[in-house]
Amino acid sequence: MPTVVRIHLHPLNNNSNFKKTGIRANRVPILISNAAYRGINIIQNKIMKTKVLSLLAMMALIAASFASCSKETADAEQLLATVPSDASVVMVANLNSLLQEAGCKVDGEKITPSEAITKAISGANGDQLSRTLLNGEAGIDPEVAVVFAEGGYSYLAGTLASADKFKSMIEKETGAKFAKAGDVEYCGIAAVKGNRFWVKLGNGNIDPERVANFAALSKNQSILSVEGGKNLVTVEHDMEGWADIAGLMNMSGIDFQTRAMVQVALQSVFQDPNYIEFYADFEKNKGVLSATVLNGKGKAAKLLFPGDKIDVKAVAGIGGNADILMAGAVSQKLIKDLSKKVADQGASMVGIYLQALSSLDGTFAVATTKDNGYLSGFLTTTGENTASLSDMLASAMGITPVKEGKTLRFKKGTMSGTLDVAQGAEMMKGAMFGTVVSQPFGNGAAKFDLTGGFMLVPGDGTLSIQVRLQAPEGNKTLLERLIEAN
């Protein structure tokens, strides 16, 4: 089974009606820029500060690791049948798998929170919704849950093992009583119909009429009628999802200019980009998140440029320890295709840089430290006309590369960092471009070394965007460590 994960965790409002402390799920967009060391900082600042615990309590929202063929699959068709076809984002979570990866024990409807989660929900960062959903006596069936965004609002939907227990817990937390509108019972942000529940994520109480409409959708009115939505029926990973790119940008509130730039960028790289498909999984100490762009037919959008793969062995050959490792694979065909496209648009600085890079042909890599700027790396070339490339390196880095056959090698100082370059190179396996960084994560006793990488991974004429995470071997899973470090 491929170790690819597709992600785009989208903004759900920051507020909740659970005593003003409820769910916070700020944006978790595709994270980690290629600006090297900012990688893990972005994960920490953007993902962790959205309260990993709340995301887990929503049963769907932070995921990372290598896909495992041993995971049990779950069937989400009945829940997806209640998601409108015009939903802009849909995420399906395998609750059983997620909870167990977080160290919880799941026995039927009984959920016993792990030590990490118990501490988190009882601490200052805990919130009422987390305490309710992870109570273990909330009557929730810990199999599958769905999070979706529609009509400007976001919802969590799931199945109940005991509607009475669920309603009792909600009433206890809100201090209000359930009322009835037709077949729908509602209280604050929660609603129940039969053995299904819905929770509104964000400001305001849930609308029982809206819930009644969700429950009464025909198959042709639901997300099951949309290309891409059908793929979510069988949940083979911890979390899977689908999003409409245009709807996603509308929800994000980004300005028109930025939206236009994103569209132009996507259309420059992909043929007919319309949707994003994503999934995520957890493993003991590893993690991966990935997004794949789909076309209007729900298939992986064609990559408009050739995609090669990094020579991992060559990158590992740099050796030593660093803080940041960056590498890529650039073929002559890619250089020529890009040069032609840029030339068709007239003279530009990009064209000048491409001319200087015209001798590149293969893998390039650089390992560096964050404090003193020491570095070591190489560029693979055609072996001809490398003077411009050498001059560019000398100007940008203040070092003159040494030519060894078709390779230009460069080095400045002796690196001393926290990232084993060979380990970082291995994390780039299968990627076209990658950045790997390593730094301590969290505070106090929960602090641990986290290695994270941002990758562009080519497939059969396609391209996936991945974030890969790795922690040292230990007694606790990566997810448990992330929760403790929050």
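Residues numbered from 1 in each chain as written. Predicted model: local features only at pLDDT ≥ 70, side-chain atom pairs only at ≥ 80, totals over all residues. Heavy atoms only, no water.

### Re the overall build of the protein
Stage number 1. Per the secondary structure count, the protein includes 16 helices and 24 strands.
Stage number 2. Out of the 486 residues belonging to the protein, those deemed buried represent 53%.
Stage number 3. A separation of at least 24 residues holds for 68% of the contacts in the protein among residues at least 6 apart in sequence.
Stage number 4. Looking at the protein as shown, the accessible area adds up to about 20,800 Å², and 48% of this sits on carbon and sulfur atoms. (Helix = DSSP H or I, 4+ residues; strand = E, 2+ residues; numbered from the N terminus. Buried < 20%, exposed > 50% of the residue type's maximum accessible area, 1.4 Å probe, protein only. Contact = heavy atoms within 4.5 Å. Areas by Shrake-Rupley, 256 points an atom, 1.4 Å probe, with all protein chains shown as cover.)

### Some thoughts on unusual backbone geometry
Stage number 1. A positive phi angle, close to 55°, is found at Asp272, a residue other than glycine.
Stage number 2. Summarising the element assignment, Asp272 is placed in the loop between helix H10 (256–269) and strand E13 (275–282).

### Section: the pairing of strand E14 (residues 286–294)
Stage number 1. By the criterion of burial, E14 is predominantly enclosed, with eight of the nine residues buried.
Stage number 2. For E13 and E14, the ladder comprises eight bridges, and the chain directions are antiparallel. Looking at E14, one finds that Ile276 is bridged to Val293. (Pairing = 2+ DSSP bridges.)

### Regarding the confidence of the model for the protein
Stage number 1. For the protein, per-residue confidence averages 76 on the pLDDT scale, and 76% of positions sit at 70 or higher.
Stage number 2. The low-confidence segment residues 1–74 (pLDDT under 50) makes 263 contacts with residues lying over four places distant or belonging to another chain. (pLDDT = per-residue confidence, 0-100.)

### Brief notes about the pattern of salt bridges
Stage number 1. Summed over the entire model, instances satisfying the criterion amount to five salt bridges.
Stage number 2. Residue Arg210 is joined to Glu150 by a salt bridge in which the shortest nitrogen-to-oxygen separation is 3.2 Å. Of the two residues, Arg210 sits in helix H8 (residues 208–215) while Glu150 sits in strand E5 (residues 140–150), which places them 60 residues apart along the sequence.
Stage number 3. Judged by its relative accessible area of 23%, Arg210 is partly exposed.
Stage number 4. Residue classification places Glu150 among the buried positions, given a relative accessible area of 11%. (Salt bridge = Lys/Arg side-chain N within 4 Å of Asp/Glu carboxyl O.)

### Remarks on the environment of Cys104
Stage number 1. Here Cys104 shows up in the loop between helix H4 (95–101) and strand E3 (105–107).
Stage number 2. As for Cys104 and Glu115, which are separated by 11 residues in sequence, their C-alpha atoms are 8.3 Å apart.

### Regarding H8
Because each turn of an α-helix spans 3.6 residues, side chains separated by three or four positions end up pointing in the same direction.
Stage number 1. Among all positions of H8, only Pro208, Val211 and Phe214 are buried. For H8, the angular spread of the buried residues around the axis is 110°, confining them to a single face. Opposite its buried face, H8 presents the exposed residues Glu209 and Asn213, each directed more than 90 degrees away.
Stage number 2. Its side-chain oxygen 3.0 Å from the backbone nitrogen of Glu209, Asp207 forms the N-cap of H8. (Arc of directions from axis to C-beta. Polar contact = N/O pair within 3.5 Å; in protein donor to acceptor, adjacent residues only side chain to side chain.)

### Re the environment of Ser359
Stage number 1. By the secondary structure assignment, Ser359 is in the loop between helix H13 (349–356) and strand E17 (360–368).
Stage number 2. Along the sequence, Ser359 and Thr386 sit 27 residues apart, while their C-alpha atoms lie 5.9 Å from each other.
Stage number 3. Discounting residues that sit within four places of it in the chain, Ser359 has contacts with Gln332, Thr380, Thr381, Thr382, Glu384, Asn385, Thr386 and Leu389.

### Thoughts on the side chain of Thr462
Stage number 1. Structurally, Thr462 is set in the loop between strand E23 (448–458) and strand E24 (463–470).
Stage number 2. For Thr462, the contacting residues outside a window of four places in its chain are Ala300, Ala301, Leu303 and Val457.

### Remarks on the side chain of Lys200
Stage number 1. Tracing the backbone shows Lys200 in strand E10 (residues 196–201).
Stage number 2. In this structure Lys200 is buried but unpaired, with Asp207 as the nearest side chain of opposite charge at 8.1 Å.
Stage number 3. One polar contact links the side chain of Lys200 to the main-chain carbonyl oxygen of Asn205, over a distance of 3.5 Å.
Stage number 4. Setting aside anything within four residues of it in sequence, one finds Lys200 in contact with Tyr153, Ser154, Tyr155, Ile189, Asn205 and Ile206. (Lys, Arg positive; Asp, Glu negative; His and termini not counted.)

### Re the pairing of strand E20 (residues 407–412)
Stage number 1. With six bridges connecting them, strand E18 (residues 375–381) and E20 associate as antiparallel partners. Bridging from a neighbouring strand, Ser376 pairs with Lys411 of E20.
Stage number 2. Bridging between strand E19 (residues 402–404) and E20 involves three bridges; their strand directions are antiparallel. Bridging across to E20, Val402 finds its partner in Arg409.
Stage number 3. If you look at the hairpin formed by E19 and E20, you'll find two residues sitting between the two strands, and Gly405 has a positive phi there, around 65°.

### A closer look at helix H7 (residues 163–174)
Stage number 1. Taking 1.5 Å per residue as the helical rise, H7 with its 12 residues ought to reach 16 Å, and the 16 Å between its terminal C-alpha atoms agrees with that figure.
Stage number 2. Residues of H7 that are buried include every one of Phe166, Lys167, Met169, Ile170 and Glu173, and no others. For H7, the arc enclosing every buried residue in end-on projection is 160°, short of the 170-degree limit, so these residues lie on one face. The exposed residues of H7 that point more than 90 degrees off its buried face are Asp164 and Lys172.
Stage number 3. The positive-phi residue at the C-terminal boundary of H7 is Gly175, with phi of around 75°. (Expected span 1.5 Å × (residues − 1).)

### A look at the environment of Thr382
Stage number 1. If you trace the backbone, Thr382 turns up in the loop between E18 and helix H14 (387–397).
Stage number 2. Overall, the relative accessible area of 25% leaves Thr382 in the partly exposed class.
Stage number 3. With 21 residues separating them in the primary sequence, Thr382 and Asp361 have C-alpha atoms 5.6 Å apart.
Stage number 4. Thr382 has contacts with Gln332, Ser359, Asp361 and Lys406, leaving out every residue within four places of it along the chain.
Stage number 5. At 3.3 Å, the side chain of Thr382 and the backbone nitrogen of Glu384 are in polar contact.

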